[in-house]
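# Analysis of the macromolecular model
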Amino acid sequence: MVNQLTLIRPDDWHVHLRDGDALDTTVPAAAKYFGRSIIMPNLKLPVRNVNDALFYRQRILRHRPKDSQWLPLMVLYLTDDTSKKDISEAKKSGFVQAVKYYPAGATTNSASGVTQLERLDPIFNEIQESNLILQLHGEVTDQNIDIFDREAVFIDRHLRRIKEKFPELKIVLEHITTSQAAQYVEENDQYLAATITPQHLLYNRNDMLAGGIRPHLYCLPILKRDIHQKELIRAATSGSKKFFLGTDSAPHVSETKESACGCAGCFSHHAALEFYAEVFDQADAMHHLEAFASINGAQFYQLPLNKSKITLVKEPWTIPEEIPFCGSQLIPLAAGMALNWKLRLP
Ligand code: DOR
Ligand code: ZN
């Protein structure tokens, strides 16, 4: 039985740090585990160009703990007005790694997202030419498409076409939630990969809805049936290079989630790596955790692997019921639950 595991320091390829006071909590939490984190650009005023990214990056770095080498990797937010110049300047900056597509109205702070994906072809072409990464929030938002089908419909309606038209565009299908997504990515070429969150590996829609609504499990794309959860576990733990860690940790103060119209998002950075360790251990696949957490993503983004290492030990602990956040509190993912794995702090 494995009781300890040392791995190359992992990276988080998808996180929401927010801004202002939130950075007091989110930046040290990211720096505790990760070498680098891909910072989602869906602020109240989204990160639309290289200047926005530069100033946001500076605000983030002011919160980095003194002894930490952690680096934020910045992302531009696509709008209907994004220009080719925005993309080429992002590439030149050296600190913007990717461009994020949110369909307008899909999720938190997505009002400025894209209204007609087909009109982005010239921008997709520029992203392909620049060798930046296109990150997709892969859901359609039509009112007549059931919320549980939105990811699968996105693949059929949009992703297949994008893949055909831009064969060398590097795409990450973010936070996949369905067997259709896992299989589509797995069977596709080396230009397509996917991130997988801890909540989609640990839970299914029964956990969120049976016996009472649990708003702290509400995130987007929404948790699906257990058959999809099982397929995600299989894909993540398979050793395939196409899947990697993206926590999608997305904090909201508890009042905004425990509400008549609650916000989407789960905060998971209090146990970011331990959650994945739990899943990989249960699947008897601890030997694949390092590739998923520390290698596959860096290779896809064409970045060097981190030089330092971290160690996980098998040592039971209990997740706190709440965490102070922005003058209030948030309820962390799996609050009150016992975990078997723990990061060994230096
Ligand atoms: O659940 C989610 N929360 N999904 C997203 O796409 C956005 C995120 C957030 O920013 O809260
Ligand atoms: Zn996200």
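The notes below deal with the structure included here.

Moving on to the overall build of the protein chain. Check the secondary structure of the protein chain and you find 12 helices and 13 strands. Relative to the 2.2 N^0.38 estimate, which gives 20 Å for 346 residues, the radius of gyration of the protein chain is 19 Å and therefore close to what a compact globule would have. Taken over the C-alpha atoms alone, the protein chain extends approximately 50 × 45 × 40 Å along its principal axes. For the protein chain, the proportion of its 346 residues judged to be buried stands at 58%. At a minimum sequence separation of 6, the contacts of the protein chain that also span at least 24 residues come to 72%.

Mapped onto the fold, Gly138 is located in the loop between strand 6 (133-136) and helix 5 (150-165). If we ignore the near neighbours within four places in the chain, the residues touching Gly138 are Arg150, Glu151, Phe154 and Leu173.

Attention now moves to the side chain of His158. Structurally, His158 is set in helix 5. Those residues in contact with His158 that sit more than four places away from it in its chain are Leu117, Glu118, Val140 and Val153.

Once that is clear, we can look at the sheet that holds strand 1 (residues 4-8). The strands making up a sheet associate through backbone hydrogen bonding, with each pair oriented either parallel or antiparallel. On the basis of which strands lie adjacent, the open sheet formed by 3 strands has the order 1-10-13 and antiparallel pairing. If you trace the sheet from one side to the other, it starts and ends with strand 1 and strand 13 (338-344), each paired once. Direction aside, the axes of adjacent strands within the sheet are offset by 35° on average. Across the sheet, helix 11 (residues 272-282) lies against strand 10 (309-318) and strand 13, angled at about 120° from strand 13, the strand it touches most. Helix 12 (residues 289-300) contacts strand 1 and strand 10 of the sheet and is inclined by roughly 25° relative to strand 1.

Conventions and cut-offs
Residues numbered from 1 in each chain as written. Chains lettered and ligands numbered in written order. Predicted model: local features only at pLDDT ≥ 70, side-chain atom pairs only at ≥ 80, totals over all residues. Heavy atoms only, no water. Helix = DSSP H or I, 4+ residues; strand = E, 2+ residues; numbered from the N terminus. Rg over C-alpha atoms; globule rule 2.2 N^0.38 Å. Buried < 20%, exposed > 50% of the residue type's maximum accessible area, 1.4 Å probe, protein only. Contact = heavy atoms within 4.5 Å. Pairing = 2+ DSSP bridges. Axes fitted to C-alpha atoms, helices over the stretch in contact; angles between N-to-C directions.

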